[in-house]
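# Residue-level structure breakdown
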Amino acid sequence: MTSDLPGLDGVQHELVAAWFGAVTLVADHSRGPGDAAVLRLRAEDGTDVALKASGPADHHLDREIVAHRTLLAPLVPGGRVPRLLHADRERHLLATAWLPGDLVEGGAAEREPDTYRQAGELLACLHALGTRVDGDWEAAQDARAMRWLDSPHRIDVATTEQLRAVVAAHAHPPVRVVPTHGDFHPRSWVVEDGVVRVIDFGRAGWRAPCTDFARLHRQQLAGREDLASAFAAGYGGDPRTGDVWRRTLVRVAIGTAVWAYQVGDAAFEAHGHRLIRAALAQVG
């Protein structure tokens, strides 16, 4: 029933009831303490709903609501991204139509080139929703990287100083930015009957297009030229070249290692340190 939804406070329960009446909890897909509650609900009319609820400190849900309200509507008719049903930024609550499918991550589809071709096509559609030139984007990204290095981490002193020097030497030219997903990889894709769909827009924002390739680059695409080629074919090109891409790899490596340390994810932290070594080798 509506009053028994895990992770929701009283006001959020009341808002869900106002939106949908009595609902049934189908599944709890929340990832753990500190993350938003992610629930699959069944409304009184039999439709399934994806509900996300969080607290004031969670900026991802606010970003996802903005993405649904301002960017994603043109992609909804194809059924490949969630359809917005209700949202309340003040109460930190988002409801979308449930997109059918199983997570690509961990399944057979994660190793299939056609998955990446479809994902590339979807990413191209997202990036085509708008474009503008941002003269401040590069400087803002470097400032963020420096803040990561100023916060607690386990990067050794010599490497930290090397990273600071690399970031300080970055040029800050105007950059073409587009609507990006921000966390584009198989944990943000679902597949049903061979059809790939994209979920979880909590890190959506205007960025350089190549940033949506960064996580895949050092994980699923590493050592799999067939997957990389399929993804680039679907996207219509491969932006993993040039100075913007090299600067992106340095920033992603820093953020990964520091964030993972701060949340206590030792395996992901080790991955971040590998990213740092790879990024510095490419700079050198």
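Please refer to the structure placed before this passage.
Fair warning: this is a prediction, and the values are worked out from it, not measured in the lab. (Residues numbered from 1 in each chain as written. Predicted model: local features only at pLDDT ≥ 70, side-chain atom pairs only at ≥ 80, totals over all residues. Heavy atoms only, no water.)

Let us now look at the packing of helix α4 (residues 137-150) against helix α5 (residues 157-168). Packing of α4 against α5 leaves a shortest axis separation of 10 Å and a crossing angle of 165°. Classed by the angle they form, the pair α4 and α5 counts as roughly antiparallel. Seen along the crossing, α4 lies across α5 with a hand that is left-handed. Facing Asp142, Met146, Leu149 and Asp150 of α4, the residues of α5 in contact are Thr160, Leu163, Arg164, Val167 and Ala168. In terms of residue class, the contact of α4 with α5 is built from five nonpolar, one polar and three charged. (Axes fitted to C-alpha atoms, helices over the stretch in contact; angles between N-to-C directions. Helix = DSSP H or I, 4+ residues; strand = E, 2+ residues; numbered from the N terminus. Parallel < 35°, antiparallel > 145°, perpendicular 65-115°, else oblique. Left-handed = near helix turned anticlockwise from the far one by under 90°. Contact = heavy atoms within 4.5 Å. Nonpolar A, V, L, I, M, F, W, Y, C, P; charged D, E, K, R; others polar.)

Pairing within the open sheet is antiparallel, and its three strands lie in the order β6-β9-β10. Pairing within the sheet leaves two strands with one partner each, and these edge strands are β6 (102-103) and β10 (195-198). Relative to β10, strand β9 (residues 189-192) is paired through four bridges, and the arrangement is antiparallel. When the bridges of β10 are listed, Val191 appears paired with Val196. Contacts from helix α3 (residues 113-127) reach β9 and β10 within the one sheet, and its direction differs from that of β10 by about 40°. (Pairing = 2+ DSSP bridges.)

Running from N to C, α5 and helix α9 (residues 266-283) cross one another at 50°; their axes reach a closest spacing of 12 Å. Compared by their axis directions, α5 and α9 come out oblique. Relative to α9, α5 is oriented so that their crossing is left-handed. Within the contact between the two elements, α5 uses Thr159, Gln162, Leu163 and Val166 and α9 uses Ile276, Leu280 and Val283. Among the residues making up the contact of α5 with α9, the classes are represented as five nonpolar, two polar and no charged.

This brings us to helix α2 (residues 59-70). In an α-helix, one turn spans 3.6 residues, which is why side chains three or four residues apart end up on the same side. Taking 1.5 Å per residue, twelve residues should reach 16 Å; α2 reaches 17 Å between its end C-alpha atoms and fits that length. For α2, the set of buried residues is Leu61, Glu64, Ile65, Ala67 and His68. Buried positions in α2, seen along its axis, are confined to an arc of 160° and lie on one side of it. Exposed positions of α2 whose direction lies more than 90 degrees from the buried face are His59 and Thr70. Taken together, the buried residues of α2 touch β3 (48-53), β4 (84-88) and β5 (93-97). Residue Asp58 occupies the N-cap position of α2, its side-chain oxygen lying 3.0 Å from the main-chain nitrogen of His60. (Expected span 1.5 Å × (residues − 1). Buried < 20%, exposed > 50% of the residue type's maximum accessible area, 1.4 Å probe, protein only. Arc of directions from axis to C-beta. Polar contact = N/O pair within 3.5 Å; in protein donor to acceptor, adjacent residues only side chain to side chain.)

Another aspect to go through is the sheet that holds strand β8 (residues 175-180). The sheet built from three strands is open, its strands ordered β7-β8-β11 with antiparallel pairing. Each edge of the open sheet carries a strand with a single partner, namely β7 (132-134) and β11 (205-207). The mean inter-strand angle of the sheet, taken between neighbouring strand axes irrespective of direction, is 45°. One ladder, built from three bridges, connects β7 with β8; its direction is antiparallel. From the neighbouring strand, Arg132 faces β8, where its bridge partner is Val177.

Quick look at the side chain of Glu269 now. Relative to the helices and strands, Glu269 resides in helix α9. The buried category is assigned to Glu269, whose relative accessible area is 6%. Non-local contacts of Glu269, meaning those with residues more than four positions away in its chain, are made with Arg154, Ala257, Ala260 and Tyr261.

Moving on: the environment of Ala253. Position of Ala253 among the secondary structure elements: in helix α8 (residues 242-263). Taking relative accessible area as the criterion, Ala253 reaches 1% and is therefore assigned buried. Not counting residues up to four positions away in its chain, the partners in contact with Ala253 are Gly272, Leu275, Ile276 and Ala279.

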